[in-house]
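So the chains spell out like this:
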Amino acid sequence: MFILRVLCCSLLLTAAMAVDSETSHPDGFAVSSAHPQATRAGIKILKAGGNAFDAAIAVAATLAVVEPYSSGIGGGGFFLLHVAEDDSNVFIDARETAPKAASADMYLDDEGEFLRSKSLTGGLAAGIPGMPAGLVYLSENFGRLEFTTNMAEAIRLAKEGFLTGKRYNAMASYRTEDLNNFPGSAELFLDNGFAPKPGFRVFQQELARTLELIAQTNGHAFYKGEIAKRLVSGVLATGGIWSLDDLADYTVKLRSPVTTTYRGSKIVSAPPPSSGGIVLIEALNILERYDLSVETDIDRVHLVVEAMRRGYRDRADFLGDPDFINIPLERLLSKSYADGVAENISTTKASVSLELAPLESKVEGRDTTHFSIIDAEGNLVAATLSINTPFGSGVVPKGTGVVLNNEMDDFSARRMTPNTYGLVGAGANSIAPRKRPLSSMTPTFIESNDRVAILGTPGGSRIISMVLVSALEFLRGGDAESMVVAKRYHHQYLPDQINYEKGGFTMSEVSNLRGKGHQLKESSRNYGNMQVVTWEKKSGKIAAASDPRGEGQATVEK
Ligand code: DON
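Residues numbered from 1 in each chain as written. Predicted model: local features only at pLDDT ≥ 70, side-chain atom pairs only at ≥ 80, totals over all residues. Heavy atoms only, no water.

**Student:** What's the story with the nonpolar core in this structure? I'm lost.
**Tutor:** Buried together is how nonpolar side chains tend to be arranged in soluble globular proteins. In this structure, Leu287, Leu468, Tyr489 and Phe505 are the most contacted members of the largest nonpolar core, which totals 87 residues. Top element by residues in this core is helix α14 (residues 297–318). It accounts for 10 residues. Those residues in contact with leucine 468 that sit more than four places away from it in its chain are Leu280, Ala283, Leu284, Leu287, Val304 and Met308. With 85 residues, the next largest nonpolar core counts Met151, Ile155, Ala158 and Ala208 among its residues. (Core = buried A, V, L, I, M, F, W, Y, C linked by side-chain atoms within 4.5 Å. Buried < 20%, exposed > 50% of the residue type's maximum accessible area, 1.4 Å probe, protein only. Helix = DSSP H or I, 4+ residues; strand = E, 2+ residues; numbered from the N terminus. Contact = heavy atoms within 4.5 Å.)

**Student:** Just to check I follow, could you spell out unusual backbone geometry for this structure?
**Tutor:** If a residue is not glycine, its phi is most likely negative; likewise, a peptide bond is most likely trans. The peptide bond linking proline 272 to proline 273 adopts the cis configuration, its omega dihedral lying at 15 degrees. With respect to the helices and strands, the residue proline 273 is situated in the loop between β9 (265–269) and α13 (276–287). Each neighbour pair has its own omega, and for leucine 494 with proline 495 the value is -5 degrees, a cis peptide bond. Positionally, proline 495 belongs in the loop between β14 (489–490) and β15 (498–500). You will see that asparagine 218, though not glycine, has its phi angle at about 50 degrees, which is positive. Along the chain, asparagine 218 turns up in the loop between α9 (205–217) and α10 (220–223). A residue is classified by how much of its surface remains accessible, and asparagine 218, at 25% relative accessible area, is partly exposed. Even without a glycine there, the phi angle at methionine 416 is positive, about 60 degrees. Counting through the fold element by element, methionine 416 comes out in the loop between β11 (380–386) and β12 (444–447). Under the relative-accessibility criterion, methionine 416 is labelled partly exposed at 27%.

Here is the structure:
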């Protein structure tokens, strides 16, 4: 298949969920996603005899239709798979790439100032989409049903329209001005120039046609055919720099997931160009040194924050696209590295981020979507997909219905200058032609002695800390429900403060943490949209939960 240049597979699969004689098959199947229509599309495919990978295609394609602000055909994402048949874990990297004409200083003016709006709105903000190639790859290598069957529900919903909810209203309100700057986009997604009230029907005939063509041509029309030409014209007309070659040359990459053990449980997560797995693992390796079960709640939060601070520090220093830079992966993932990094953690006093080793000192030692699926054979999918901020770049090239991402803002456009999530980076994540921007998306599996969890969430830089908080909840015996409910707090090295969701800490907890020297900032609202599926290996019992902060749906079928 033209899109897929598969790397040496044997190197890219990692031995996975240990199956022993006491493991039984799941007693049914489950899907948890950010939208009820997408969950229903996945369940329908599983009922029709499809496997978890077929269902993943149906869910991802449906989310592209019903959550046009979150993810889509004009974006990218990561699919973490567990293949029960050979007990392997596979990571499909369908992340966007920078176009060939991109350069390190493309968002700087003559004085070297960062022109933030250019990396967020309009054609220049958009990377080359990986989602269609990702879906084709899933279908050709892992699916059981026809690609067109898996895409059918999404196409129907694009044609017949879907009803908007409160979340749609919030996202469209956030980008009303930008959408109104692109008349085609405003016509599709706004109601006479305003964010539609819940209950408004959004029709997407052109997207339906694009999805049909992708399904019928295995992606060819999108990357090399009629859609490709329209996409490039639309990007050039809105200030961008794409060429037809950029689309024709796009390939998904198969990568080895990153793994660690935490007190006997196995963690499997996203490798670079995601920072998620490495930061998660570094934090867990640090935390494994402490017995969190005997700590008070506040001491536990303090230690988790110190682990986050150090993981996110290393994100800023070392992480970027592994095809462009050397990442000391083995070192960052090792227990001995965590021991060294943890040495200066005080159990009573907050560290100061800028007093940690400075970046590049070479010392040793707001929208997106996630869904989780299990099928009755024990195949698992954790997928986090994105067009970056709500409605991406705001651009919908004429005749395509495709919302283009603004994932270019995930690069470090200028050294140590925060991106839209306040993340800073040194050189490792600078812009270069065909490079993938560093991501925080963290689709993850956890396997303890007797249970498995599939988890992930959107949330920009806060994705990794949310996955960490939920992982710790699972590791201390929590279930799917308590994993999605768990209160969220976050530290990303810089700014040097704990950010916590509205109502996340009591007054006394806040003053206790202040007493240890932490700065705290309460978010104006809650955040994240975690989707979890769990499986008890001995009884086969499965459970699923969708974040109560969102409008998603978790369905278990026996
Ligand atoms: O890849 C990343 O890290 C970001 N583009 C994810 C953006 C996101 O989660 C926005 N959601 N609220």
